[in-house]
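Notes for the structure review
Chain by chain, the residues run as shown.
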Amino acid sequence: MTSLAMCQPSSAFSGMLGVSAAIVFANLGAAYGTAKSGVGISSMGVMRPDMVMRSIIPVVMAGVLGIYGLITAVIINGKIQAPHYSAFQGYAHLAAGLTVGLSALAAGLAIGVVGDAGVRANAQQPKLFVGMILILIFAEALGLYGLIVGLVVASSADGKGRDLCKSWESA
């Protein structure tokens, strides 16, 4: 029987970085998507104030990206058990946070650009509305893919990373 190595207290740092990465990068994407789309809505609203409420959709879709980061951060934070937390779990949670956060950032960039140009174009030609919505859905899907992969990685870290080291409190 081989003895297990001691869990390093610094492993929790990697997990907490995953928590931070998920929420920070997702909120950056949500903020950019909201701001860029908001500029287009404001510009379009001067000429077509009757279409402002219809053009809020990109802002709502960008806001959902922040929720993806929040969900992931809460889930990862709940799985960090400091005395029994292995380096494998810490790195897996860091990877999960980065996956969700950076996917949401990319989606937010896409939603912002499409939302800005889309609502302006929709004001000039209302037939473009369905096309704009389809493009926004595909942009949002990028963030959703990241959320799915991040949650799979975070949830599988517990099973694969358990019992790889012994508690540092018992030393």
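The shown structure was predicted, so the numbers you read here are calculated from the model rather than taken from an experiment. (Residues numbered from 1 in each chain as written. Predicted model: local features only at pLDDT ≥ 70, side-chain atom pairs only at ≥ 80, totals over all residues. Heavy atoms only, no water.)

Digging into the packing of aromatic side chains
Taken as a whole and assessed by the stated rule, the structure comprises 0 aromatic pairs. Taking NZ or CZ as reference, Arg54 lies 4.0 Å from the ring centre of Phe129, over its face. (Phe/Tyr/Trp six-rings, centres within 6.5 Å; stacked < 30°, edge-to-face > 60°. Lys NZ or Arg CZ within 6 Å of the ring centre and 35° of its normal.)

Notes on the nonpolar core
Within the largest apolar cluster, 18 residues are counted, with the highest numbers of intra-cluster contacts made by Leu65, Tyr68, Ile111, Met132, Ile133 and Leu136. Of all the elements in the fold, those that place two or more residues in this core are α1 (11-47), α2 (57-79), α3 (87-124) and α4 (129-161). If one sorts the elements of this core by residue count, α4 sits on top with 6 residues. Ignoring anything within four residues of it in the chain, the contact list for Leu136 reads Pro58, Met61, Ile111, Val114 and Gly115. Membership of the second largest hydrophobic core comes to 8 residues, among which are Ala12, Val19, Ala73 and Ala154. (Core = buried A, V, L, I, M, F, W, Y, C linked by side-chain atoms within 4.5 Å. Buried < 20%, exposed > 50% of the residue type's maximum accessible area, 1.4 Å probe, protein only. Helix = DSSP H or I, 4+ residues; strand = E, 2+ residues; numbered from the N terminus. Contact = heavy atoms within 4.5 Å.)

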